Amino acid sequence: MDKVWKIVKKMKYNVCHVSESGISALIKITSSCRSRCQYCLSWKTAPDILPLSEVYSIIEDIRKFAAHRIVLSGGEPTSHSDFAKIIEKCATINSHVTVITDGQYPVKSTWIPMVDEITFSIDTYSPDLYKLIRGINGLSKALENLAVAVKSGVTVSVNIVLSHQALLGLEKTVELLVNRGVSKIYFLELETHLLVSDNLIPSDNDLLIFRENLLPSLQRKYPGIVPHGKALPARDEASYKRGGTACIIPWMQMTIRPNGDLFPCCRIGDDNPESNGRTFCLGNVKEISICDVWQSIKRKRVQTLIATIPPLPCRMCAIGELFQNEDEIWNQIESIRM
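The paragraphs below set out a description of the structure included in this document.

So, on to the overall build of the protein. Within the protein one finds 14 helices and 9 strands. Going through the 338 residues of the protein one by one, you find that 56% of them count as buried. Taking the contacts inside the protein whose residues are at least 6 apart along the sequence as the reference set, 72% of them involve residues at least 24 apart. Taken as a whole, the protein presents about 14,300 Å² of accessible surface, with 51% of it coming from carbon and sulfur.

Shown next as structure tokens:
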């Protein structure tokens, strides 16, 4: 657990001055992506990119916080023409930097040493299923770049989105990744509020087998690589229960989209405009600093709104449920890949 999570744990739901706050910033530096994943809408949106000058300004804002964790995402962040310069700028503020990539672009020695973690999105061991899920023949290229990252010595992790296809042969996928030198494997729920293809959605029986059999077996076999704790439960809008405790993510995180819009979390700031809208947009980095947004009246109002009348992404999200049990939160927080 890095310094951001420690500060948040101490402060909990308090809205503190920037100099006392930890921030986890997910920066979607581009919507461009080579992959055509069935469960992602980024590549279907109008191409957009955060110019280098704007990214520099964002990082300078983040410097003012007591702690900072930066996750570079997209689209595909490594496709940004100034990606190496962005990593170099992140390194100047001594931040914890994670890069989330599909592995289709080269992992380069110019920026690897300045990154704390590279997270590859690889859902399956099967080239055929990979093409079905992600729309391209990209498994061999992803594994090739994963090998380069592992050899460099950086922490290498993998996100597996739990689609029906990913659950087929999941044990083989995990075994393949462990043998390739992966340090952590994270399982992500399928975000069904994005209206993904029906054939991707796992059945209740799929998830039951995963939670009760597959996951415990993988945790025993690969301790330290497959995180312990409960898997994210399957959720749907009808079964949503707030439980009296708001998700803590909006108190510690911001998502910045390629057009500069700021949202209080990755789910509300996703690529489905129908599910977030302007109500939950906190501002735009081209017009207002992150520090000013952090302490703004609008952010406090949005936090209250999320806690009382959650938007669709919240009602379809399992992450918040982890925060209903204090004993579970900090054991599992690192498995939430924002």
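So, next bit.
Let us look at the environment of Asp-102. Residue position: Asp-102 is located in the loop between strand S3 (96-101) and strand S4 (117-121). For Asp-102, a relative accessible area of 3% translates into the label buried. Separated by 57 residues in the primary sequence, Asp-102 and Asn-159 have C-alpha atoms spaced 9.7 Å apart. A polar contact is formed between the side chain of Asp-102 and the side chain of Ser-35, at a distance of 2.7 Å.

In regular strands, side chains alternate between the two faces of the sheet. In terms of burial, strand S2 (residues 67-73) is a largely internal element, 7 of the 7 residues being buried. Burial of the side chains of S2 extends over both faces: Ala-67, Arg-69, Val-71 and Ser-73 are buried on one face and His-68, Ile-70 and Leu-72 on the other. Of the strand pairs in this sheet, strand S1 (residues 22-28) and S2 are connected by 7 bridges, and their pairing is parallel. Looking at the pairing, Ser-24 lines up with Arg-69 of S2. Pairing of S2 with S3, which is carried by 4 bridges, proceeds in the parallel orientation. Each bridged residue has a counterpart across the sheet, and for Ile-70 the counterpart in S3 is Val-97.

The next subject is the nonpolar core. Ile-27, Phe-187 and Ile-290 are the most contacted members of the largest nonpolar core, which has 82 residues in total. Every residue in contact with Ile-27, bar those within four places of it in the chain, is listed here: Leu-50, Ile-58, Ile-62, Ile-70, Val-71, Leu-72, Ser-73 and Ile-256. Counting residues in each nonpolar core, the second largest holds 8 residues, with Tyr-39, Ile-133, Tyr-186 and Leu-188 among its members.

Once that is clear, we can look at helix H8 (residues 204-221). Given 3.6 residues per turn, any residue in an α-helix points the same way as the ones three and four places further on. The end-to-end C-alpha distance of H8, which contains 18 residues, comes to 25 Å, matching closely the 26 Å that a straight helix rising 1.5 Å per residue would cover. The largest bend in H8 is about 45 degrees, located at Phe-210. Here H8 has its buried residues at Asp-206, Leu-207, Phe-210, Leu-214, Leu-215, Leu-218 and Gln-219. On its buried face, H8 sits against helix H6 (164-167), helix H7 (170-179) and strand S6 (184-188).

On to the side chain of Asp-123, then. The residue Asp-123 is located in the loop between S4 and helix H4 (127-134) in this model. Judged by its relative accessible area of 0%, Asp-123 is buried. For Asp-123, the side chain forms a polar contact with the main-chain nitrogen of Val-161, separated by 2.9 Å. Every residue in contact with Asp-123, bar those within four places of it in the chain, is listed here: Tyr-39, Ile-133, Arg-134, Asn-159, Ile-160, Val-161, Ala-166 and Thr-173.

Attention shifts here to the pattern of salt bridges. A complete count under the given rule lists 5 salt bridges for this structure. Between Glu-60 and Arg-63 there is a salt bridge, and its shortest N-O distance comes to 3.0 Å. Residue Glu-60 and its partner Arg-63 are located together in helix H2 (residues 52-63), separated by 3 residues, close to a single helical turn. Relative accessible area serves as the criterion here: at 29%, Glu-60 is assigned to the partly exposed category.

On the secondary structure map, Thr-173 appears in helix H7. Apart from the residues lying within four places of it in its own chain, the contact partners of Thr-173 are Asp-123, Thr-124, Tyr-125 and Ile-160.

A few words now on the pairing of S1. Buried residues dominate S1, accounting for 7 of its 7 residues. Side-chain alternation along S1 places Gly-22, Ser-24, Leu-26 and Lys-28 on one buried face and Ile-23, Ala-25 and Ile-27 on a second face that is also buried. Both S1 and strand S7 (residues 253-256) contribute to a ladder of 4 bridges, which runs parallel. For Ser-24, the partnering residue across the bridge sits in S7 and is Gln-253.

The next subject is the packing of aromatic side chains. Within this structure, the stated rule accounts for 3 aromatic pairs. Relative to Trp-294, the ring of Phe-65 lies with its centre 5.1 Å away and its plane at 80 degrees, an arrangement referred to as edge-to-face. In this pair, Phe-65 sits in the loop between H2 and S2 while Trp-294 sits in helix H10 (residues 290-294), placing the two residues 229 residues apart along the sequence. The cationic tip of Lys-89 hangs over the ring face of Tyr-56; the distance from NZ or CZ to the ring centre is 5.3 Å. Across from the ring centre of Trp-294, 3.8 Å away, lies the NZ or CZ of Arg-299, which sits over that ring.

The rules behind each value
Residues numbered from 1 in each chain as written. Predicted model: local features only at pLDDT ≥ 70, side-chain atom pairs only at ≥ 80, totals over all residues. Heavy atoms only, no water. Helix = DSSP H or I, 4+ residues; strand = E, 2+ residues; numbered from the N terminus. Buried < 20%, exposed > 50% of the residue type's maximum accessible area, 1.4 Å probe, protein only. Contact = heavy atoms within 4.5 Å. Areas by Shrake-Rupley, 256 points an atom, 1.4 Å probe, with all protein chains shown as cover. Polar contact = N/O pair within 3.5 Å; in protein donor to acceptor, adjacent residues only side chain to side chain. Pairing = 2+ DSSP bridges. Core = buried A, V, L, I, M, F, W, Y, C linked by side-chain atoms within 4.5 Å. Expected span 1.5 Å × (residues − 1). Bend = angle between axes of the 7 residues up to and from the residue. Salt bridge = Lys/Arg side-chain N within 4 Å of Asp/Glu carboxyl O. Phe/Tyr/Trp six-rings, centres within 6.5 Å; stacked < 30°, edge-to-face > 60°. Lys NZ or Arg CZ within 6 Å of the ring centre and 35° of its normal.

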